[in-house]
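Observations on the model geometry
Listed below, chain by chain, are the residues.
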Amino acid sequence: MTRRSIAEELENAADRIADMSRADLQIILRRAALMLRNVAGVPLDPMVADALDSIAAEMNIGRSDLIQIVLREWLETNAYLPVRRIDEESETDGSA
């Protein structure tokens, strides 16, 4: 499960709390706790964080999505990951 799906599940549970069984609520809360425990943040220099936030806002994506894009492209550029092939004749919307 992704953090986004956990967040959506928690929001849905909050909207229908009266209809949820205790067991279902426990499962959702345990998943959320596990997800939070496994989140390892990377401390960023304030200038880097500001730059990432500005670029993410410009691109209309979240900072974590931007970091994933930048990291993947860096790994591909430096031959740590195979380069994805793009069909030259297909139309793209400019996103990865």
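Residues numbered from 1 in each chain as written. Predicted model: local features only at pLDDT ≥ 70, side-chain atom pairs only at ≥ 80, totals over all residues. Heavy atoms only, no water.

Scanning the protein chain for helices and strands turns up 4 helices and 0 strands. Overall, the protein chain shows an N-to-C arrangement of helices and strands of α-α-α-α. Within the protein chain, buried positions represent 12% of all 96 residues. Split by element, the accessible area of the protein chain, about 8400 Å² in all, is 54% carbon and sulfur. (Helix = DSSP H or I, 4+ residues; strand = E, 2+ residues; numbered from the N terminus. Buried < 20%, exposed > 50% of the residue type's maximum accessible area, 1.4 Å probe, protein only. Areas by Shrake-Rupley, 256 points an atom, 1.4 Å probe, with all protein chains shown as cover.)

Notably, Asn60 is not glycine yet its phi reads approximately 60 degrees, a positive angle. Mapped onto the secondary structure, Asn60 falls in the loop between α3 (46–59) and α4 (63–77). One non-glycine residue, Ala79, lies in the positive phi region at around 65 degrees. With respect to the element layout, Ala79 can be found in the segment after α4. Overall, Ala79 belongs to the exposed group, its relative accessible area being 66%.

Let us now look at a nonpolar patch on the surface. A cluster of nonpolar side chains, contributed by Val42, Leu44, Val48 and Ile67, occupies part of the molecular surface with about 320 Å² of accessible area. For Val42, the location among the structural elements is in the loop between α2 (22–37) and α3. Judged by relative accessible area, Val42 falls into the exposed class, the value being 64%. (Patch = residues over 30% accessible without salt bridge, like charges linked within 9 Å, V, L, I, M, F, W, Y side chains within 5 Å. Salt bridge = Lys/Arg side-chain N within 4 Å of Asp/Glu carboxyl O.)

The subject of this paragraph is α4. Here α4 spans 21 Å end to end across 15 residues, near enough to the 21 Å set by a 1.5 Å rise per residue. Immediately beyond the C-terminal end of α4, within one or two residues, lies Ala79, with a positive phi of roughly 65 degrees. (Expected span 1.5 Å × (residues − 1).)

The next subject is helix α1 (residues 3–15). Helix length check: α1, at 13 residues, gives a terminal C-alpha distance of 18 Å against a target of 18 Å (1.5 Å per residue), a fit within 8%. Of the positions making up α1, those classed as buried are Ile6, Glu9 and Ala13. The buried residues of α1 all sit within an arc of 60 degrees when viewed along its axis, so they share a single face. Turned more than 90 degrees from where α1 packs its buried face, Arg4, Glu11, Ala14 and Asp15 sit exposed. (Arc of directions from axis to C-beta.)

This part takes up the confidence of the model for the protein chain. When pLDDT is averaged along the protein chain, the result is 84, and 85% of the positions lie at 70 or above. Across the protein chain, α3 holds the top mean pLDDT of 93, while α1 sits lowest at 85. (pLDDT = per-residue confidence, 0-100.)

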